Amino acid sequence: MVHLLPSPSFRKQLCMLLLASFPFWGNGQTTYPQEAFRSPMDIPLILAGTFGELRSNHFHSGIDIKTQQRQGLPIYAIGDGSVTRIKISHWGYGKAIYIAHPNGYTSVYGHLQKFSPEIEAYIKAVQYQKKSYQVEVFPDLGEVSVKKGDVIAYGGNTGGSSGPHLHFEIRSSVSEKPTNPLLYGLEVRDATNPVLEKVYAYPLSEDAQVNQSESKVEVQFTRQTDGSYLAETVFAAGEIGFGFKGFDRQDMAANKNGVYSVTLKVNGKVYTDYDFETFSFGETRYINTLIDYEHFGRYRQRVQKCFKSAGNKLNIYNTLYNEGRIAIQEGLSYSATLVLKDLAGNETKVIIPVKGKKQPVQTAKGRIKTEHYLIAGKNNNYDLGAAKVYFPANTFYENFYLDLKKGNDTVTIHNNKVPAHRKFTLTFDVKKYSASERKQLFIARLDSKGRPSHATTYKRGNSFTTKTRSLGAYTLVKDSIAPKIRPKNFKQGQWLNNYSYLSLHISDDLSGVKRYSATLNGEWILMEYEPKTNTLTYNFDDLILNKTQCELKVTVTDNVGNATTEEYAFSRK
């Protein structure tokens, strides 16, 4: 059972307590308690996602536990502790709860359907006080306490989830760094080796080549009788590196998950060795330097590089010799061995023979030059006619030729094959538009098919500005159509005696829904919004109705201020 105990703040004492209790080995490696925590669910743990898995602009900071394709399964506190954070958001983790444990760790549970009755009552009181579905609270230590095995919530599909599952994390309560939850004794059946799909060789130095190419080449490989792989001989000169595309798979699941560790040896010497035991949230965006981002932009496939690129500040490496770059000398032979492992020790190995041999180049390096050479370490401003773009220093990881296209209404800023680490500023001049026209205009990013998507637009005088990390085409778009509202499970004037909830569908055709509100008999009510299905839901248990004849009023506003209000009458005893 969850215990709600009002108490004063203990945050300072908590920090001191955790610093004293967080365990370390003398050699600097962290030990992880194997029996302190129970599983967060009472079903076999089958993973839809692993820790450190490669995601868009970040590493996955937990494990995704399958919930048998359904919602409502109980979620348990893995140990005694105190709820230190509850967050409800339309995206991200959706409904999430954070529990600090006395041994120095914090567990995180995301994409929840709802909380336990006690916690649900606690957070709904906050929502009604703030008149907002999206809230974030930080209860004082001891204010909301739980015991190991207490039901704290029920599994769901809220937030950025693409299907019912539990996102589960274990973090250090001091550093807030997430660690791989499978290091704490959780049982996941895994006797399946990682899968190696592709191997690539990269010429890295100015004079380098691989198989008569100055650009990366795919290396073919075949399976051997012992289960390992042998690649075709690579003929190379200069400094080269390797990359791969692959995934891991646990037993009882077909999901393509991330591998735990990667090791590259050359003639028996470790050149690159990294794993996903832990990382910091501050470095997670540097994933864009670990993968071949140009390849990702072109094919939407993530190739992991076994060498360190410019701007890479990741701390996941255990060993990194010569930045993972292999210096090939003419006439010498090399044996590169790439090993992918999962946390259970299953491994997949490919041996890549390399011979130092300079050959006539048949595929020259694709050198695209423009009039704009961007120095990554400096501030950069560009005038694009209809708009101006400002890149703060270190927006990008390395210098490159920037492709810009001017326009009267639409401008193009390079393409999606280069990652931006920091947000840059794009400003449109809108003085040619009247005041009434400006109210309905917004900055939009155009996808590859020319379809616009709303970019948060700051309006000041003759300037519209957006801050973004996405390169590509931008334009100004007019939205004059208000959102739409329609009831899903009831009709105007209907008796709703046996109904437990009301459901409405809301949508906007262009700039998107910005906010919504509803009243029942003149009182504000909590409507839960699920943007994946464009659904607003009101639970009758939230508010005691003292009227037989009820009036529901719903208002939805889009991102440029167009608003729609609908009123519905229904009866209920």
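Here the structure is shown first, and the text comes after it.
The structure contained in this document is the topic of the report that follows. Being a predicted model, the structure only gives us computed values, none of them experimental. (Residues numbered from 1 in each chain as written. Predicted model: local features only at pLDDT ≥ 70, side-chain atom pairs only at ≥ 80, totals over all residues. Heavy atoms only, no water.)

Across the sheet, which stays open at both edges, the 4 strands sit in the order E44-E43-E47-E48 with antiparallel pairing between neighbours. For this open sheet the edge positions go to strand E44 (523-524) and strand E48 (563-571), each flanked by a neighbour on one side alone. When strand E43 (residues 513-520) meets strand E47 (residues 549-558), the two strands line up antiparallel, connected through 7 bridges. Among the inter-strand pairings, Leu520 is bridged to a residue of E47, identified as Leu552. (Pairing = 2+ DSSP bridges. Helix = DSSP H or I, 4+ residues; strand = E, 2+ residues; numbered from the N terminus.)

Its boundaries defined by the atoms lining it, the largest pocket holds a volume of some 1800 Å³. Asp292, Glu294, Lys365, Gly366 and Glu398 are the residues nearest the centre of the largest pocket, which is lined by 41 residues in total. If you tally residues by element for the lining of the largest pocket, the top one is helix H4 (residues 293-299), at 4 residues. Broken down by class, the residue content of the lining of the largest pocket amounts to 16 nonpolar, 9 polar and 16 charged. Estimated volume of the second largest pocket: approximately 700 Å³. Around the second largest pocket, the lining comprises 26 residues; the ones closest to its centre are Lys95, Gln113, Lys114, Glu528 and Thr537. Where the lining of the second largest pocket is concerned, the elements lending two or more residues are strand E10 (112-115), helix H2 (117-130), strand E45 (528-530) and strand E46 (535-539). (1 Å grid on protein atoms, 1.4 Å probe; cavity = no way out; pocket = protein on both sides within 12 Å on 5 of 7 lines; lining within 4 Å. Points joined across faces, edges and corners; volume = space filled by probe spheres on them. Nonpolar A, V, L, I, M, F, W, Y, C, P; charged D, E, K, R; others polar.)

Moving on to the nonpolar core. Of all hydrophobic cores here, the largest spans 62 residues; its most connected members are Ile97, Tyr109, Phe115, Ile152, Phe168, Leu504 and Leu552. At 4 residues, E47 tops the list of elements feeding residues into this core. Filtering out sequence-adjacent residues up to four positions away, Phe168 remains in contact with Pro40, Gly62, Ile63, Ile65, Ile78, Ser107, Val108, Tyr109, Pro181 and Leu186. Grouped together as the second largest cluster of nonpolar side chains are 46 residues, Val210, Ala231, Ile240 and Ala336 included. (Core = buried A, V, L, I, M, F, W, Y, C linked by side-chain atoms within 4.5 Å. Buried < 20%, exposed > 50% of the residue type's maximum accessible area, 1.4 Å probe, protein only. Contact = heavy atoms within 4.5 Å.)

Limitation: the analysis is restricted to geometry and does not speak to function.
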